[in-house]
Each structure stands twice: as structure tokens, then as C-alpha cells.
Amino acid sequence: MSSNIRIVLIKTWHAGNIGATARAMKNMGLSELYLVDPVDFPSEEATSRAGQATDILQSAVVVPTLGAAIKDCALVIGTSARDRSIALPALTAEQCAEKAVLEQSKTPVALVFGRERMGLHNDEIQQCHFQVNIDANKEYPVLNLGQAVQILCYEIFKASQSQNTPKSIEEPYPLHEDLVRFQEHLEQTAYDIEFINRKHPGQTLDHLQALFRRARPTRKELSILRGFLNAAQKNHGKSD
Ligand code: SAH
């Protein structure tokens, strides 16, 4: 079963949605639930909505930030109620499930769900590689949080049963925490070699970070990029 796929809920307001999520996950064979700064948890409401999935609530990991929930993941997919509301490559529910099932064989995968009212914040979106949007009535495409979780978990269940999904990817991708270290290194190098002025940084770095995240370098490529940055830092000022 797809035990390497985790569901991450960000700052959930209604405890009932946490219970419904646990049940949806267990029904569809998933077990890893991460709760980022939940408003009301543990709670009786969550327990009663979970049915026979209270074990998922008991083993849920509560963390303060999204970064902490995904640091060991190599694929992070954000969910969004609206098309194109996120500047990330978009996946349908089916494509999301296939990708998640394929990549979970090598490294943990995270599916990130936003707040009931506000969805995901920009700084959270920037930590995802892809967005998934469940196709729905254009006039009202916003699903209840627990039901959005249910649909994506069902797609994952179907994809993991399917013979069509290839067994594994060839090249592993870096973990979120390695990407964060690369982003810090890129930023430091940009200042060191005076590509960016600390006093007037502008948005160049944001664009560069988005470019690298979108490109999804493999582990090997990321290590080459780190070597490139090291050399640029070391040799800065030598050539002129
Ligand atoms: N106004 C918010 C609505 C949030 S709904 C927004 O536009 O994002 C709460 C959460 O349910 C969302 O953050 C997302 O995780 C999930 N969700 C709701 N409808 C969805 C849909 N059509 N596709 C994918 N996720 C959806």
C-alpha cells in the first residue's frame, strides 16, 4: 500500500475535518497524517468523525510549520480550489495520484491541504513542486476540506491498485530540507559575488528560486549546482 504518502493539513479550523480526513485516509489505505498548528486538536469532534480511524489520529504528527512537516519529502504537491491561483505546474487529480504513487517508492511524498477559509499562503505555495486542482463546477469549485482529502485519497488508492503505474522512478530527487539548504546557499552566493545588493535585493532571488524549484533538479544535479556555487564563492574576485 501507499504508506510513503503523507497528508498534511495546515491550520485546520474545524476539528471535524481532521476526523473526516483520518477516516478518508484509512478507507483508502493511507496512514501518515501531519497537522500543522491545528486550531483544535486533539478533540472529541475529531475522534467522533474519525469512525474506526482513531489510530490515525493517535499517530498524527503535530508540527509548528509546513517546513517541519515536509522536510524529509522529495515531492510536495499543494492543493488548490481554484485553477491557476498558484503559479506552479498544475496536475489533475489523476495525474497527482499517479505521480505520488510512482515517487513514493523512493522518498516520502506530501499532499498539502490549506485552511478552510484561506487555503494556502504564498510562502507555503512556494514550498510545493506542483499544484493539484479537483475539477468541479466553475461557479462553485470549492470543496469541503475533508471531501477534497477523500477524493485525492481515492485517486491514490486507484493509482496504487493500477497495473499501469510504473513501479519506480530512476533518479531520486532531493529532499525538501536539501532544497532549502541549496536555496540558502544560492542566496548567500548571490550576495558574496555581489550579483545581488543586500541593501536593494529586489525580487531576482525569488525568481531564481522559483526557476530551480520548477526545474526539479535530481540529487545528482543539485550536488553539481552546489559545487558550482562553492567554486563561485571561492574564486570570487580572482579573475578581475
Ligand atoms: N478560499 C480557499 C478555499 C479553501 S477550501 C481557497 O480558495 O483556496 C480548503 C482546502 O480544501 C483548500 O485549501 C484545498 O486544500 C482543499 N480544496 C477545496 N476544494 C478543492 C479543489 N477543488 N481542488 C483541490 N483542493 C481543494
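Residues numbered from 1 in each chain as written. Predicted model: local features only at pLDDT ≥ 70, side-chain atom pairs only at ≥ 80, totals over all residues. Heavy atoms only, no water.

Engineer: Explanation requested: the nonpolar core in the structure shown.
Structural biologist: Looking at soluble globular proteins, one finds that nonpolar side chains tend to be buried together. In terms of nonpolar packing, the biggest core is built from 39 residues, with Ile7, Leu9, Leu33, Ile77, Leu111, Phe113 and Val149 touching the most fellow members. Here this core takes seven residues from helix 7 (residues 145–161), the largest share from any one element. (Core = buried A, V, L, I, M, F, W, Y, C linked by side-chain atoms within 4.5 Å. Buried < 20%, exposed > 50% of the residue type's maximum accessible area, 1.4 Å probe, protein only. Helix = DSSP H or I, 4+ residues; strand = E, 2+ residues; numbered from the N terminus.)

Engineer: Sorry, what's going on with the packing of aromatic side chains here?
Structural biologist: Aromatic ring pairs: the centre-centre distance and the angle between the two ring planes describe each pair. By the definition in use, this model includes one aromatic pair. Taking 5.1 Å as the distance between ring centres and 85° as the angle between the ring planes, the aromatic pair formed by Phe182 and Phe212 counts as edge-to-face. Of this pair, Phe182 sits in helix 8 (residues 176–192) while Phe212 sits in helix 9 (residues 204–215), and the two are 30 residues apart along the sequence. The positively charged end of Arg216 is found above the aromatic ring belonging to Tyr173, 3.7 Å away from the centroid. (Phe/Tyr/Trp six-rings, centres within 6.5 Å; stacked < 30°, edge-to-face > 60°. Lys NZ or Arg CZ within 6 Å of the ring centre and 35° of its normal.)

Engineer: Is there a simple way to explain the site of the ligand in this structure?
Structural biologist: If you check the shell around the ligand, you find 18 residues, and the closest are Thr79, Arg82, Arg117, Ile134 and Leu143. Contact distances for the ligand include 2.8 Å between a nitrogen atom and a backbone N or O atom of Ile134. In the complex, 92% of the free accessible area of the ligand, which totals 540 Å², lies under the protein chains. Among the detected pockets, the ligand sits in the second largest pocket. Residue composition of the shell around the ligand, grouped by class: nine nonpolar, five polar and four charged. (Near = heavy atom within 4 Å. Polar contact = N/O pair within 3.5 Å; in protein donor to acceptor, adjacent residues only side chain to side chain. Areas by Shrake-Rupley, 256 points an atom, 1.4 Å probe, with all protein chains shown as cover. 1 Å grid on protein atoms, 1.4 Å probe; cavity = no way out; pocket = protein on both sides within 12 Å on 5 of 7 lines; lining within 4 Å. Sits in = over half its atoms within 2 Å of the grid points. Nonpolar A, V, L, I, M, F, W, Y, C, P; charged D, E, K, R; others polar.)

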